[in-house]
Amino acid sequence: MVWEFWTKQLDEEELVEDGGYEEYSSGSSSSSRAAGMNGNGPTKLVDPLEDPLPGVGTYEDFNTIDWVREKSKDRDRHREITNKSRQSTVALLHSVSDAFSGWLLMLLVGLMSGALAGGIDIAAHWLTDMKGGVCLIGFWFNHEHCCWKSNETTFQERDQCPQWQSWAELITGTSEGAFAYIVNYLMYIFWALLFSFLAVTLVRAFAPYACGSGIPEIKTILSGFIIRGYLGKWTLIIKTITLVLAVSSGLSLGKEGPLVHVACCCANILCHLFTKYRKNEAKRREVLSAAAAVGVSVAFGAPIGGVLFSLEEVSYYFPLKTLWRSFFAALVAAFTLRSINPFGNSRLVLFYVEFHAPWHLVELAPFILLGIFGGLWGALFIKANIAWCRRRKTTRLGHYPVIEVLVVAALTALLAYPNSYTRMSGAELISELFNDCSLLDSSQLCGYEQPANTSETGVGNSLADRPAGKGLYTALWQLALALVFKMMITVITFGMKVPSGLFIPSMAVGAIAGRLLGVGMEQLAYYNHDSFIFKGWCSPGADCITPGLYAMVGAAACLGGVTRMTVSLVVIMFELTGGLEYIVPLMAATMTSKWVADAFGREGIYEAHIRLNGYPFLEPKEEFDHSSLAVDVMRPRRSDPALAVLTQEGMTVGEVEALVESTHYSGFPVVVSQESQRLVGFVLRRDLLISIDNARKRQEGVVSASQVVFTEHAPSQAPDAPPPLRLRGIMDLSPFTVTDHTPMDITVDIFRKLGLRQCLVTHNGRLLGIITKKDILKHMAQIANRDPDSILFN
């Protein structure tokens, strides 16, 4: 996370004030709500309603948008275009182009994201293979492409071809012996350190926001928070480059989560081409929700799973129109990726499987066991990773991100190289574990003994269950060590100052555990055909147990335990593997892992990182079951100063400016008078300052003694008095209010469902106080016995 950078930004811009109710803010009303409410004043009076000012209605960095105002603005804009379209052909064409602009934007997002994802896949594959050697006929070829046209490759030695040489062969002339092994070992560590050093240096120097997964921040942005630069062009460029380097370095991370960030950067940049999305924050977030679906679509080749992932996991506001557009964008991105064909196998899916044996009802027990393991691992990983990230943030460790990345990269390379299963990339490892052994398979995981009766060959290209051989036992030991290594190293890798996804490492842990259990079940079935468990469905010489299926179920279970995804995860897994008939085992394991993990804490890894970083995010899944009332949470409290308010008339420009300068509040309630405190509306601090500054420049006679009025008609004044400043046009005439006795569970639901920034508290129409999103988050933290001051952002 880029904590120090953001904290510095906050300190410099004075956006947050310690204590008090500093965050309260809302939007001004839309033009439709205030239309026709200003009277005919002097001809030279500036009225923000009749003459909109640039900057009014926009938001500062680290602020929350007003969803209600943004949706109202869009409705007004659409209504105006529709009315004009009936008047002329040009206006009708403009209306049609406006309607299709969303689909055109989705097309561009899909094309751009698919092209970038294809380039990232190809570059990462090439650099990963470069750690092992180089292609003599062209250094830009990876190992697989280099050996495609070789006549020397066989099924047993498919990776051996004279065109590809290891570093030991290039340096020493031989690939055999201890010295050659040491040379390859040292070169592997050298490339890992170089790639990780370049990745962390580029992130630190050019785009601090490019580190991490990006999904916690994307969720926060989609909930309405503004983090300027997080989805900018520099972040996109640096994240794309450093993602390739980080994955190629061999660190225990994946590119799937960061690809969501990359797709959202593409969408945000392309939004600036269309006025409808450039000027409306709520509309832009609809596009970003679709972009999150595109990110998963290109990461896994799973367009339907991507749409469900966006709906289930990251989106805050997801109307039906966004669902259709997400589906279209994910489809375009998937086709673009398929056209590029980065995997070289003419398939869209990342891990295509073809299991020949159906699963049996008895196998649900081990599948549920894998679900329990996934839930336990998910809960353990979240607690351990958050503890490590908190230690990084609160100790001197966080001041040396480059050294930390280099140390972890060196440790990973040092321990990973001797074990062939940790040396290969995460995607290769998962593909190997999902594999179903066939007649021509030379993998160590298929090192079974040949049966005495050669007729026992199973069905089709599959093999009957056989006793484990020496090669398989070696592979199992290596996998057991790889499991321990992956579980430990992923805890300290996720959250470092490089792009780091969690999907592939989590799936790798589950796939290893699943393969180990699958082989164990296979051997149990082979030696106990006559037991009551296997009798009747697993006869001698049959292909009963498929270890690759157990690996697939285990991968889903562990990923579900870490992220708490359910529906979208199952769909992603069957799209990822093509194993449509194995949905029931996947569902059983995924739900079990979620239930087990939820028993230790309801937060997934992304929600935990959101809370760790203090983002103002109201989790929709979290229940509020406390019996407090709105009056218990509102500000000001009894010991606080009185609520800072504006009156609808009677205040001068100088008094308003003094009030604004003496506080850091983001907005001010407008009341009838200081005595009555009856609520009239709400004004944003930013809009107020812009309007006053503009009036001093454009309206004659505006001085500090000029009256500021928020009424429909300007009050009568003395002939020699300076002209008043009418600001009713920037006032929200219908701010959301609750009574002081409204239960907080209802208030929290209102905030979640309407995306509010603040809500005013009244009693019989009289203003009592204000509740902001930050107040609610602090109150919820206190109830959960957490530090309320951990909610640091406005």
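Residues numbered from 1 in each chain as written. Predicted model: local features only at pLDDT ≥ 70, side-chain atom pairs only at ≥ 80, totals over all residues. Heavy atoms only, no water.

1. Let's talk about the overall build of the protein chain
From N to C terminus, the protein chain includes 29 helices and 11 strands. For the protein chain, the proportion of its 794 residues judged to be buried stands at 57%. Residue pairs in contact within the protein chain that sit at least 24 positions apart in sequence constitute 76% of those at least 6 positions apart. Here the protein chain has roughly 32,800 Å² of accessible surface; of this, 60% comes from carbon and sulfur atoms. (Helix = DSSP H or I, 4+ residues; strand = E, 2+ residues; numbered from the N terminus. Buried < 20%, exposed > 50% of the residue type's maximum accessible area, 1.4 Å probe, protein only. Contact = heavy atoms within 4.5 Å. Areas by Shrake-Rupley, 256 points an atom, 1.4 Å probe, with all protein chains shown as cover.)

2. Side note on the sheet that holds strand E6 (residues 679-684)
Judged by pairing direction, the sheet is mixed, and its 3 strands sit side by side in the order E3-E5-E6 without closing on themselves. Only two strands of the sheet have a single neighbouring strand rather than two, namely strand E3 (646-647) and E6. Against the sheet, helix H27 (residues 685-698) engages E3, strand E5 (667-671) and E6, with an angle of about 75 degrees to E6. (Pairing = 2+ DSSP bridges. Axes fitted to C-alpha atoms, helices over the stretch in contact; angles between N-to-C directions.)

3. Points about the packing of helix H26 (residues 653-661) against H27
The angle between the axes and the distance between the axes are what describe a pair of packed helices. The N-to-C vectors of H26 and H27 enclose an angle of 140 degrees; their axes lie 11 Å apart at closest approach. When the axes of H26 and H27 are compared, the pair comes out oblique. As for the relative orientation of H26 and H27, their crossing is left-handed in sense. Across the interface between the two elements, Val653, Val656, Glu657 and Val660 of H26 pack against Arg685, Leu688, Leu689, Ile692 and Arg696 of H27. Here the contact of H26 with H27 is built from residues that sort into 6 nonpolar, no polar and 3 charged. (Parallel < 35°, antiparallel > 145°, perpendicular 65-115°, else oblique. Left-handed = near helix turned anticlockwise from the far one by under 90°. Nonpolar A, V, L, I, M, F, W, Y, C, P; charged D, E, K, R; others polar.)

4. Examining the side chain of Arg685
Mapping Arg685 onto the fold places it in helix H27. Separated by 3.0 Å, the side chain of Arg685 and the backbone oxygen of Thr663 make a polar contact. One polar contact links the side chain of Arg685 to the main-chain carbonyl oxygen of Tyr665, over a distance of 3.1 Å. In this structure, Arg685 is in contact with Val660, Thr663, His664, Tyr665, Ser666, Gly667 and Phe668, ignoring residues within four places of it in sequence. (Polar contact = N/O pair within 3.5 Å; in protein donor to acceptor, adjacent residues only side chain to side chain.)

5. Details of the state of the cysteines
In a disulfide, the sulfur atoms of two cysteines are covalently bonded to one another. On inspection of all chains with the given rule, the structure shows 1 disulfide. At a sulfur-sulfur separation of 2.0 Å, the disulfide partner of Cys135 is Cys146. Across the S-S bond linking Cys135 and Cys146, the dihedral sits near 80 degrees, which makes this disulfide right-handed. One end of the pair, Cys135, is in strand E1 (residues 133-135); the other, Cys146, is in helix H5 (residues 143-146), and 11 residues separate them in sequence. Comparing Cys135 with Cys146 shows no difference in burial state: the two are buried. The thiol sulfur of Cys266 is not disulfide-bonded, and the nearest other cysteine sulfur, from Cys265, lies at 7.0 Å. (Disulfide = S-S within 2.5 Å.)

6. Notes on unusual backbone geometry
Of the consecutive residues Arg635 and Pro636, the connecting peptide bond is found in the cis state with omega at 5 degrees. Mapped onto the fold, Pro636 is located in the loop between helix H25 (630-633) and E3. Even without being a glycine, Asn764 presents a positive backbone phi close to 55 degrees. The topology assignment puts Asn764 in the loop between strand E10 (758-763) and strand E11 (766-772).

7. Brief notes about the packing of aromatic side chains
Applying the stated criterion to the full structure yields 23 aromatic pairs. Each ring, one from Phe62 and one from Phe225, has its centre 6.4 Å from the other, and the planes form 35 degrees; the classification is tilted. With Phe62 in the loop between helix H2 (31-34) and helix H3 (67-85) and Phe225 in the loop between helix H8 (215-222) and helix H9 (233-248), this residue pair connects regions lying 163 residues apart in the sequence. Comparing Phe62 with Phe225, the two get one shared label, buried. Between Phe190 and Trp191 the ring centres are 5.3 Å apart and the planes differ by 65 degrees, which places this aromatic pair in the edge-to-face class. Members of the aromatic cluster, joined through ring pairs, are Trp67, Tyr316, Tyr317 and Phe617. The ring of Tyr417 has Arg423 lying over it, and the distance from NZ or CZ to the ring centre is 4.1 Å. (Phe/Tyr/Trp six-rings, centres within 6.5 Å; stacked < 30°, edge-to-face > 60°. Lys NZ or Arg CZ within 6 Å of the ring centre and 35° of its normal.)

8. Remarks on the packing of helix H4 (residues 89-130) against helix H12 (residues 281-300)
In the contact formed by H4 and H12, the axes pass within 10 Å of each other and the chain directions differ by 35 degrees. Classified by chirality, the crossing of H12 by H4 is right-handed. Contacts between H4 and H12 pair Leu105, Met106, Val109, Ser113, Gly114 and Ala117 from the former with Val287, Ala290, Ala291, Val294 and Val298 from the latter. Residues belonging to the contact of H4 with H12 are distributed by class as follows: 9 nonpolar, 2 polar and no charged.

9. Some remarks on the pairing of E5
Summarising burial for E5: 5 of the 5 residues are buried, a large majority. Covered by surrounding structure in E5 are Gly667, Pro669 and Val671 together with Phe668 and Val670, the residues of both alternating faces. Pairing geometry for E3 and E5, over 2 bridges, is parallel. Its bridge partner lying in E5, Thr647 is registered against Val671. In the sheet, E5 pairs with E6 via 5 bridges, with the strands oriented antiparallel. Looking at the pairing, Gly667 lines up with Leu684 of E6.

10. Observations regarding the side chain of Thr220
As for its placement among the helices and strands, Thr220 is situated in helix H8. Residue Thr220 is classed as buried on the basis of its relative accessible area, which comes to 0%.

11. Observations concerning the nonpolar core
Ranked by internal contacts, the top residues of the largest apolar core, which has 149 residues, are Phe434 and Met573. Split by domain, the residues of this core number at least three in each of domain 1 (107-146 + 158-340) and domain 2 (365-436 + 477-613). Not counting chain neighbours up to four residues away, the residues in contact with Met573 comprise Phe434, Met507, Met552, Ala555, Ala556 and Leu586. If you look at the next biggest cluster of nonpolar residues, it comprises 22 residues, including Ala644, Val680, Leu688 and Val708. (Core = buried A, V, L, I, M, F, W, Y, C linked by side-chain atoms within 4.5 Å. Domains from an automatic or database assignment.)

12. Quick notes on the pattern of salt bridges
Tallying each qualifying case throughout the model produces 24 salt bridges. Connected through salt bridges with shared partners, the residues Arg69, Glu70, Lys73 and Asp687 form a single ionic network. (Salt bridge = Lys/Arg side-chain N within 4 Å of Asp/Glu carboxyl O.)

13. Re the environment of Thr64
Mapped onto the elements of the fold, Thr64 is located in the loop between H2 and H3. The spacing of Thr64 and Arg757 is 693 residues in sequence and 6.3 Å in space, taken between C-alpha atoms.

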